[in-house]
Amino acid sequence: MEIKIQLYHTSDFPSEFTTENYSVILWKESGVFSVDAINYSYGGYNILFLSPYQKLKLAAESEENIHILFFHGDYYCIEYHKEEVACNGLLFNNIYLNPGVELSEENFNYILELFNHIQKEESEKHPFSESIIKTYIQLILAIGSKQKISIENTLVSSEKLPNKNAAEFQKLLESHFKAEKELSFYSDKLNITNNTLSKAVKKEFSKTPTQLINERIILESKKLLHLTYRSVKEIASELGFADEFYFSRYFKKAVGCSPKNYREKVGISVVAKMSM
C-alpha cells in the first residue's frame, strides 16, 4: 500500500492539484481554495481531506508551507469508522458542506507532528510500521472529524433555520438522485419554479441544484467503485443510467478518468472483500 508525505510552498503548488490517492492537506493563513471548481474562503489553521481525482486549486494570500499526506484507502479502517470517514464524513466529503476544516493551533501542530511520525515509520519500514501508520492516520481522521462536528454543531445552534426550500431539496435529492437527475422534478415536487429553487439552493449551499445533483451521483459512483465488487454495468444501472457507456462518459467528464480506470487506480477496498 502506498503512502507518501510531500511538502510544497504556496508559490510552487500546482495550478490544479489532483491525485489517485486519498490526501490530507495541511496549511495555514488565509485565501481561497476551490474543490472541483467550487470556491471556498479559508483562514487560520486549515486541514482538507480529498478523495481520489478531486481537483484542488489554491490562491493563498501569503507564502506558506503546504504539507500533504497521500495514502491508499485501505490505510483507514472504514468498517469501524463508517460515519466519520465515509459519505458524510471526511474522505468522501459531504457535498452540502465546506470540505475544509479550520483547526485549533494545538490540533494543527499535533497533526503536523503525526505527519512527521508517519514519515519516520515509512522510512524505517520495520515489521510493525504499517500498523503504526494506520493508527496515526485514524487519529488524524478522528481529530478532523471531531473538529468538523464541533464547527457544524456551533453553526446549527447559532444560525437561523435553513431555507425551507433548500432543506426540502436536500431531503428529496438524497431520496431520488439515483432516478431523478432533472431540476424540474425537484421544483415540481416543491411546487415552485426552477428559478426560485435555484436561488434558494445557491444561497444555502453556494452551489446550484444541478451541481449538487451531479456531485451526489459522482459521490455515490466513487463509493460503489471503491467499496464494492459490483461491475460498472451494475453500478450504472443502480444509478439510473440507461447503459454503462453513457454512465462512463458522464463519470469521465466529471472526474477526468473512466470508472474502469478509477477503480484500477484507486483499487477496491478491503471492506468490499468483507461484504462478499
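Residues numbered from 1 in each chain as written. Predicted model: local features only at pLDDT ≥ 70, side-chain atom pairs only at ≥ 80, totals over all residues. Heavy atoms only, no water.

1. With respect to the overall build of the protein
Put simply, the rule is: Think of it this way: any DSSP run of H or I at least four residues long counts as a helix, any run of E at least two long counts as a strand, and we number them from the N terminus. Relative accessibility thresholds used throughout: buried, under 20% of the residue-type maximum; exposed, over 50%; partly exposed, between the two (1.4 Å probe, protein chains only). Pairs of residues are marked as contacts when any of their non-hydrogen atoms sit within 4.5 Å.
Secondary structure assignment for the protein yields eleven helices and eight strands. Expressed as a percentage of its 276 residues, the buried residues of the protein come to 47%. Pairs at least 24 apart in sequence give 71% of the contacts found in the protein among residues at least 6 apart.

2. Focus: helix 5 (residues 183-190)
Those residues of helix 5 lying buried are Leu183, Phe185, Tyr186, Ser187 and Leu190. Where helix 5 is buried, its residues contact helix 4 (164-176), helix 6 (194-205) and helix 7 (209-227).

3. Details of the packing of aromatic side chains
Selection criterion: Here the aromatic set is Phe, Tyr and Trp, taking the six-membered ring for Trp, and pairing holds for ring centres within 6.5 Å; pairs whose planes are under 30 degrees apart are stacked, those over 60 apart are edge-to-face, and all others are tilted. Definition used: whenever NZ (Lys) or CZ (Arg) falls within 6 Å of the ring centre and also within 35 degrees of the ring normal, the charge is taken to sit over that ring.
Tallied over the entire structure, the rule returns 18 aromatic pairs. Seen in terms of ring centroids, Phe185 and Tyr186 are 5.0 Å apart; in terms of plane orientation they differ by 90°. Their pairing is edge-to-face. A residue is classified by how much of its surface remains accessible, and Phe185, at 18% relative accessible area, is buried. A ring pair is formed by Phe241 and Tyr246, whose centres lie 5.5 Å apart and whose planes are at 65°; its orientation type is edge-to-face. Here the basic side chain of Lys4 rests over the ring of Phe70, its NZ or CZ set 5.0 Å away from the ring centre. Over the aromatic face of Phe241 sits the side chain of Lys181, whose NZ or CZ is 4.8 Å from the ring centroid.

4. A closer look at the packing of helix 4 against helix 7
For clarity, the cut-off: Axis definition: a line fitted to C-alpha atoms, limited for helices to the stretch in contact. Angles are taken between N-to-C directions and run from 0 to 180 degrees. Small angles under 35 degrees read as roughly parallel and large ones over 145 as roughly antiparallel, with 65 to 115 read as roughly perpendicular and the rest as oblique. Working rule for handedness: look at the near helix, and if it is turned counterclockwise from the far one by less than a right angle, call the crossing left-handed; if clockwise, right-handed. Residues are grouped as follows: nonpolar covers Ala, Val, Leu, Ile, Met, Phe, Trp, Tyr, Cys and Pro; charged covers Asp, Glu, Lys and Arg; every other residue, Gly included, is treated as polar.
Two elements in contact, helix 4 and helix 7, have axes separated by 11 Å at closest approach and are oriented at 30°. In terms of axis orientation, helix 4 runs roughly parallel to helix 7. Crossing hand, helix 4 versus helix 7: right-handed. Residues Phe169, Leu173 and Glu174 of helix 4 form the contact with helix 7, whose own contacting residues are Pro209, Leu212, Ile213 and Arg216. The residue inventory of the contact of helix 4 with helix 7, partitioned by class, reads five nonpolar, no polar and two charged.

5. Description of the confidence of the model for the protein
Put simply, the rule reads: Think of pLDDT as the predictor's per-residue confidence, scored from 0 to 100.
Across the protein, the average pLDDT comes to 86, with 86% of residues at or above 70. Overall, residues 77-90 carries pLDDT values under 50, and its contacts beyond four positions in sequence, including any with other chains, amount to 34 contacts.

6. Quick word on the sheet that holds strand 1 (residues 3-9)
Strand pairing in a sheet is mediated by backbone hydrogen bonds. Such pairs are either parallel or antiparallel. Quick reminder of the rule: One bridge is not enough; two strands pair if DSSP finds at least two bridges between them.
In spatial order, the strands read 1-7-2-5-8; together these five strands make up an open sheet with antiparallel pairing. In the strand order of this sheet, the two ends are held by strand 1 and strand 8 (100-103), each with one partner. Sheet twist, expressed as the average angle between the axes of neighbouring strands with direction ignored, equals 20°. Here strand 2 (residues 22-28) runs beside strand 7 (residues 65-71); their pairing, made up of five bridges, is antiparallel.

7. Here's the deal with helix 10 (residues 259-266)
Along an α-helix, residues three or four apart share an orientation, since each turn contains 3.6 residues. The condition that has to hold: What the arc measures is the spread of directions leading from the helix axis to the C-beta atoms.
Listing the buried residues of helix 10 in full gives Pro259, Tyr262, Arg263 and Val266. All buried residues of helix 10 fall inside an arc of 95° around its axis, so they share one side. Opposite the packed face of helix 10, turned more than 90 degrees from it, sit the exposed residues Lys260 and Glu264. The elements touched by buried residues of helix 10 are helix 7, helix 8 (232-238) and helix 9 (244-255). Gly267 lies just past helix 10 and shows a positive phi near 90°.

8. A closer look at the environment of Ile140
In this structure, Ile140 sits in helix 3 (residues 129-158). Note on Ile140: relative accessible area 1%, which makes it buried. Spatially, the C-alpha atoms of Ile140 and Val24 are 8.9 Å apart, while their sequence positions differ by 116 residues.

9. Examining the sheet that holds strand 6 (residues 56-60)
The strand order across the open sheet formed by three strands is 4-3-6, and the pairing between neighbours is antiparallel. Among the strands making up the open sheet, the edge pair consists of strand 4 (38-42) and strand 6. Averaged over neighbouring strand pairs, the angle between their axes works out to 20° when direction is ignored. Here strand 3 (residues 31-35) pairs with strand 6 via five bridges, running antiparallel. Looking across to strand 6, one finds that Val32 is bridged to Ala59.

10. Quick look at the environment of Leu69
Here Leu69 is to be found in strand 7. Leu69 sits 49 residues away from Ile118 along the chain, and the two C-alpha atoms are 9.1 Å apart. Ignoring any residue separated from it by four or fewer positions in sequence, one finds Leu69 in contact with Ile3, Lys4, Ile5, Tyr22, Ser23, Val24, Phe115, Ile118, Ile137 and Ile140.

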